[in-house]
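Results of the structural survey
Listed here are the chains, written in short residue letters.
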Amino acid sequence: MANTNSTISNQTPQLAPDHPCKHCSEPVGAQPIMLDEHAFCCEGCKMVYSILSENNMCRYYDIDPEAGMSLKGKKQSQFAYLDDEKVITHLLDYQQDDFCSVHFHLPQIHCSSCIWLLENLYKFNPGISKSRVAFLKKEIHLQYDPQQISLRQIVELLDSIGYTPAINFSDLDSDKRPLMERSFFYKLGVAGFAFGNIMLLSFPEYLGLEKGSDPFFFQLFGYLNIVLALPLVFYSGRDYLLSAWVGIQKRHLNIDVPISLGILTLFGRSVFEIITQTGAGYLDSLAGLVFFLLIGKWFQQRTYHKLSFERDYKSYFPIAANLLKDGIEKSITLDQLNVGDIIRVRNQEIIPADGLLMSGHGQIDYSFVSGESEPIEVTSGENLFAGGRQTAGTIEVKLNKKVSQSYLTQLWNDDAFTKEADSATSALADKVGRYFTITILLIAGITLFYWLPINTATAVNAFTAVLIIACPCAVALAIPFIFGNAVRILGRQAFYLKNTGIVERLAQFSTVILDKTGTLTTTEEGDVQFHGNQLDLEQWQVIGAMTQQSNHPASKKINRYIVEELHITSQLSLDYWEEIPGKGLLAFAKKQEIKLGSASFIGLDNQEAKGVYFSINGTTLGYFEINNPIRKGLKELLDYFRERSNIYLLSGDNERELDRLRPYFEKAQLHFHQSPTDKMQFIKALQAEGEEVVMLGDGLNDAGALKQSDVGIVVTENTNNFTPASDAILRADQFEHLPVYLRFARNSIQLVYMAYGLAFVYNIIGLSFAVQGLLSPIVAAILMPASSISIVLFGMLSSNMVARKMGLLGK
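Residues numbered from 1 in each chain as written. Predicted model: local features only at pLDDT ≥ 70, side-chain atom pairs only at ≥ 80, totals over all residues. Heavy atoms only, no water.

Some words on the environment of Ser101
Within the secondary structure layout, Ser101 lies in strand S4 (residues 100–105). Sequence separation of Ser101 and Leu91 is ten residues, and the distance between their C-alpha atoms is 9.3 Å. (Helix = DSSP H or I, 4+ residues; strand = E, 2+ residues; numbered from the N terminus.)

Dropping the structure here:
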């Protein structure tokens, strides 16, 4: 353990006042504080080092020696309000006795060391089980055990190491974050101020005044320009310099390397000329370069924000909730739910927002949230959290939060459900960017050495212009803007993609797997007939009570038949209810065992038996014959798939609908009696042979297969069967349009390659002028963001044009 005793001044080695602090790299001053032979500028920095040292985490300083933030003058914050249960409830995303989840905004996050330290918080306290940093949002998502560490202790820990969470209670009901950090606008303001004043001080040179006429003012203006350029380069341009340095350390030449070289070349050459009085330098060009770079970044970020690629739940949840009002159940979209509403959640449905259990037996599977696979028993009056899946029949929930404030919105992109498959086009973009940078550095170097013997000023200008004009930002922007716009357009057509990477994978599949019930057949229509013994009222009520709690398409149709055609409503209470995936429903009522499901499930030996069978205490009383209409557009969809891939149908049913499916499939493509595990293993076998598999399922019994496939598409009616295992959600009434959507995805790939071509042509033209010394750095600085803007406009306009031509816009 590190020694925490510190000694000051004459008891320590004599250090220069500008000696850097071990933690924050600021000058230690005349009286440094010493610990473990390291000097610190204040007690706060020493304390952070001590904490890191005690936990063997000093590697933080190896990743980035200047990673720490100064804590000089920082007062110990008070977080007593975090002991208030009401405050804790508002802040937490999810809460159980031994597991809680919370996220905080940490504006201090700025580099890779921050990420490393914050994602290793579990080393400070074993009560913290997981911490994950969202760098672009400057957020940390934490999971912890409240029995080992309190929320207040977590916040105090973050505060003690320099990452005080920005907790603003006025923002508790809002997820909005500023478009850009406030520090960016400070940097932009400094760059604008420096640009304007350097231009003003350079007027004598612009007006052609002779240096010999008043050398004092020429020299004074030059030195003033250097003073203005220092914050311009090392504050306003810090992000570019830091990014380039981290890239070099990691042996990855990112797009900021040539920009930083251009900035430092202009600055170094200008300072040399002004100090040696051999020239006026190029600080006006440098100021314009940094200013226009920041303007370009602001424009790109604003445009990106406007496209809403960070989509909220309303952008991709085609699901509804079952609202109960005056005893009547009504299906409404999630954005219409309000605090105080009572909703009905059936077996295998997701709870869309936090609330209280009002009635029913809660058996909640929170594996999507906490990773725990064992369902939790919840009794009436207890809290329920969004993202939990009900697994034991129907419950009624009174909402105490809106959907937008719940944990559900994070689930779809959770790491637990991310498929580790690299995108070929994204890999190409990375490769293009890397080799592009290497090529530009070579061209810039050749240009510099060519012009140096001829004209130094032209050499510097040409070298800098090459580095700036050929920035591969345009290449990097092609994919997010074109694919991002494609995701937006497809979302408007009720085809919701998890992220832009799905666009690429939709264009690469070689095999398509289709589920039958609820996917190829509709659940909203269909003819139901019962064959067997005459059932009495109580038996019909038992069947109604069983099917009312299930979300399976067959159960829903049987329940609709009982309620709408037989006009029988059931208030019967079941002693026990369970849905067994791929088999059927099991219930106990009045000491009788009741089964509703497949023939094998109720004990019949005839595997070819058709229908949904009903039995009481092992005695079969009859079966329901259900004729499910084929979805409109199935033939066209299969024709599209057949031209590009292999097709298989995997169904948990028997062969009773074989004759009806033969016009659409070859016999070898049809596989019946497939359990959820069988489907998943079938896909694994295909992938082992190198196949890229797309799976279309209803999201009920197909979660494993959807997750295993390369692209899992859920076809959903207006029901709450959302599953994070899927990559895309297609609203059922858009089923016939799926071929058009897939063609649009393929066309989007072509647009990306066209954008690459446009960027290549632009760079060839720009470089041809730059290497001849015909472009000044400031003109190059204006053209560089202009090239990025042109790619953005091309991506948006071309994508919209293709979509409009295919009928996806203006519908």
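That covers the picture; the talk isn't over yet.
Brief notes about helix H5 (residues 151–160)
Counting buried positions along H5 gives seven out of ten residues, so the element sits mostly inside the fold. Among the residues of H5, Leu151, Ile154, Val155, Leu157, Leu158, Asp159 and Ser160 are the ones counted as buried. Positive phi shows up at Gly162, right after H5, with a value of about 95°. (Buried < 20%, exposed > 50% of the residue type's maximum accessible area, 1.4 Å probe, protein only.)

Here we look at the pattern of salt bridges
Side-chain pairing between opposite charges can occur once the charged atoms of the two side chains come close. Applying the stated criterion across every chain, the model contains 13 salt bridges. One salt bridge connects Asp639 with Arg642, and the closest N-O pair in it is separated by 3.3 Å. With Asp639 and Arg642 both in helix H21 (residues 634–644), this residue pair falls three residues apart, about one helical turn. Take Arg642: its relative accessible area is 35%, and that puts it in the partly exposed class. Here the residues in one salt-bridge network are Asp83, Arg152 and Glu156, joined through shared partners. (Salt bridge = Lys/Arg side-chain N within 4 Å of Asp/Glu carboxyl O.)

Some remarks on the confidence of the model for the protein
Looking at the protein, the pLDDT average stands at 76 and 74% of residues meet or exceed 70. Predicted confidence for residues 307–311 stays below pLDDT 50, and this span has 14 contacts to residues more than four positions away or in other chains. Predicted confidence for residues 421–425 stays below pLDDT 50, and this span has ten contacts to residues more than four positions away or in other chains. (pLDDT = per-residue confidence, 0-100. Contact = heavy atoms within 4.5 Å.)

Topic: the packing of aromatic side chains
Under the criterion given, the structure shown has 15 aromatic pairs. Ring centres 5.6 Å apart and planes at 90° place the aromatic pair Phe234 and Phe267 in the edge-to-face group. Separated by 33 residues along the polypeptide, Phe234 in helix H8 (residues 215–236) and Phe267 in helix H10 (residues 256–276) bring together distant segments of the chain. Residue classification places Phe234 among the partly exposed positions, given a relative accessible area of 45%. When its relative accessible area of 13% is taken as the criterion, Phe267 is described as buried. (Phe/Tyr/Trp six-rings, centres within 6.5 Å; stacked < 30°, edge-to-face > 60°.)

Notes on the environment of Cys114
Structurally, Cys114 can be placed in helix H4 (residues 112–118). Relative accessible area serves as the criterion here: at 0%, Cys114 is assigned to the buried category. Separated by 49 residues in the primary sequence, Cys114 and Tyr163 have C-alpha atoms spaced 9.0 Å apart.

Details of the side chain of Asp354
Residue placement: Asp354 occurs in the loop between strand S9 (342–345) and strand S10 (355–359). A relative accessible area of 3% means that Asp354 is categorised as buried. Only 2.7 Å separates the side chain of Asp354 from the backbone nitrogen of Ala386, close enough to count as a polar contact. (Polar contact = N/O pair within 3.5 Å; in protein donor to acceptor, adjacent residues only side chain to side chain.)

Thoughts on the packing of helix H18 (residues 537–548) against helix H19 (residues 553–565)
In contact at an axis separation of 9 Å, H18 and H19 are set at 140° when each is read in the N-to-C sense. Taken as axis vectors, H18 and H19 run oblique relative to one another. In the crossing of H18 with H19, the sense of the turn from one axis to the other is left-handed. Contacts from Trp540, Ile543, Gly544, Thr547 and Gln548 of H18 reach H19 at Ser555, Ile558, Asn559, Tyr561 and Ile562. Among the residues making up the contact of H18 with H19, the classes are represented as five nonpolar, five polar and no charged. (Axes fitted to C-alpha atoms, helices over the stretch in contact; angles between N-to-C directions. Parallel < 35°, antiparallel > 145°, perpendicular 65-115°, else oblique. Left-handed = near helix turned anticlockwise from the far one by under 90°. Nonpolar A, V, L, I, M, F, W, Y, C, P; charged D, E, K, R; others polar.)

Digging into the pairing of strand S27 (residues 711–716)
The element S27 is largely enclosed, with a buried count of six among its six residues. Here S27 shows a buried face lined by Val711, Ile713 and Val715 and a second buried face lined by Gly712, Val714 and Thr716.

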